[in-house]
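As a plain string of letters, each chain reads:
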Amino acid sequence: MHIKKGDKVQIISGEYKGHVGEVVKALPKEGKVIVEGANIRIKHQKPTQMGAESGRLEKECPIDASKVLLYSEELKKGVRTRVEFVDGKKVRVSTKTEEKFD
């Protein structure tokens, strides 16, 4: 998967198109990521015990990894990347600006 936890990404399609946020969690087996402040769902929950959390709980849900691009600080937009080997390690590199993300 081309996205890792902690990456700054831009969403390229759907309701949150254009939103820029940090990846909170990556789910590589499912091919999904959870982006901070995007794809928010509301769950109405009753308290099950004394002092339990209740009311309208907002939760960020997973988005398909193909709908996000790594965010380039130089261009101020999402960019496609390729993988290069530098000193035996994989490094993600922007195709337009040669900016390294690892």
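Every value quoted in this text rests on a predicted model; they were computed, and no experiment measured them.

*Asks:* Hey, could you run me through the environment of Gln45 in this one?
*Replies:* Assignment of secondary structure puts Gln45 in strand β4 (residues 40–45). Residues Gln45 and Phe101, 56 residues apart in the sequence, show an inter-C-alpha distance of 40 Å. Apart from the residues lying within four places of it in its own chain, the contact partners of Gln45 are Glu53, Ser54, Gly55 and Leu57.

*Asks:* Looking at this structure, how should I read the pairing of strand β7 (residues 68–72)?
*Replies:* A regular strand places its side chains on the two faces of the sheet in alternate fashion. Most of β7 sits inside the fold, with four of its five residues counted as buried. Pairing between β7 and strand β8 (residues 77–79): three bridges, direction antiparallel. Across the sheet, the residue bridging to Ser72 is Lys77, located in β8. Hairpin connection between β7 and β8: a loop of four residues separates the two successive antiparallel strands, and Lys76 in this loop has a positive phi of roughly 60 degrees.

*Asks:* It is not clear to me how the pattern of salt bridges should be interpreted in this structure. Could you clarify?
*Replies:* Any two side chains of opposite charge can pair, on the condition that their charged atoms come close. Within the structure shown, the criterion is met by five salt bridges. Glu84 is the salt-bridge partner of Arg82, the closest N and O atoms lying 3.0 Å from each other. Overall, Glu84 belongs to the partly exposed group, its relative accessible area being 25%. A salt bridge links Arg82 to Glu98; its shortest N-O distance comes to 2.9 Å. In this pair, Arg82 sits in strand β9 (residues 81–86) while Glu98 sits in the segment after β10 (89–94), placing the two residues 16 residues apart along the sequence. Taking relative accessible area as the criterion, Glu98 reaches 42% and is therefore assigned partly exposed. Residues joined by salt bridges that share partners form a network here, namely Lys8, Glu73 and Lys76.

*Asks:* Sorry if this is basic, but what is going on with unusual backbone geometry here?
*Replies:* With a phi angle near 55 degrees, Asn39 is a residue other than glycine that sits in the positive phi range. One can find Asn39 in the loop between β3 (32–35) and β4. For Asn39, a relative accessible area of 12% puts it in the buried group. The residue Glu98 is not glycine, and still its phi comes out positive at about 60 degrees.

*Asks:* What is the right way to read the UniProt feature "domain: KOW" (unreviewed entry) in the protein chain from this model?
*Replies:* Mapped onto this structure's residue numbering, the UniProt feature "domain: KOW" (unreviewed entry) falls at residues 2–29. Taken end to end, residues 2–29 comprises 0% helix and 43% strand; its first and last C-alpha atoms sit 13 Å apart.

*Asks:* What should I look at first to understand the side chain of Glu99 in this one?
*Replies:* Mapped onto the elements of the fold, Glu99 is located in the segment after β10. A distance of 2.7 Å separates the side chain of Glu99 from the side chain of Ser72, its partner in a polar contact. Aside from chain neighbours lying at most four places away, what touches Glu99 is Ser72, Glu73, Glu74, Arg92, Val93 and Ser94.

*Asks:* Before we go on, may I ask you to explain the side chain of Gln10 in this structure?
*Replies:* Tracing the chain through its elements places Gln10 in strand β1 (residues 8–11). Among the polar contacts listed, one links the side chain of Gln10 to the backbone nitrogen of Gly78, at a separation of 2.6 Å. Setting aside chain neighbours within four positions, we find Gln10 in contact with Gly18, His19, Val20, Lys67, Val68, Leu69, Tyr71, Lys77 and Gly78.

Criteria and cut-off values
Numbers given for residues are sequential positions, taken from 1 along each chain in its written order. A pLDDT threshold of at least 70 governs which residues receive local features in this predicted model, and a stricter bar of 80 or more applies before side-chain atom pairs are shown or counted, although totals over entire chains, interfaces and linings include all residues. Each side-chain value is derived from all of the structure's non-hydrogen atoms; neither hydrogens nor water enter the calculation. Note on conventions: DSSP H or I runs of at least 4 residues are helices, E runs of at least 2 residues are strands, and numbering of each starts at the N terminus. We call two residues in contact whenever any of their non-hydrogen atoms come within 4.5 Å of each other. Only protein chains enter the accessibility calculation, which uses a 1.4 Å probe; a residue whose area is less than 20% of its type maximum is buried, one above 50% is exposed, and one in between is partly exposed. For two strands to be treated as a pair, DSSP must find no fewer than two bridges joining them. When a carboxyl oxygen of Asp or Glu lies within 4 Å of a side-chain nitrogen of Lys or Arg, that pair is called a salt bridge. UniProt positions are given in the numbering used here, feature names are shortened, and annotations may be inferred rather than shown by experiment. We define a polar contact as two N or O atoms separated by no more than 3.5 Å, with the added condition that, inside protein, one atom must be a possible hydrogen donor and the other a possible acceptor, whereas residues neighbouring each other in sequence contribute only through side-chain atom pairs.

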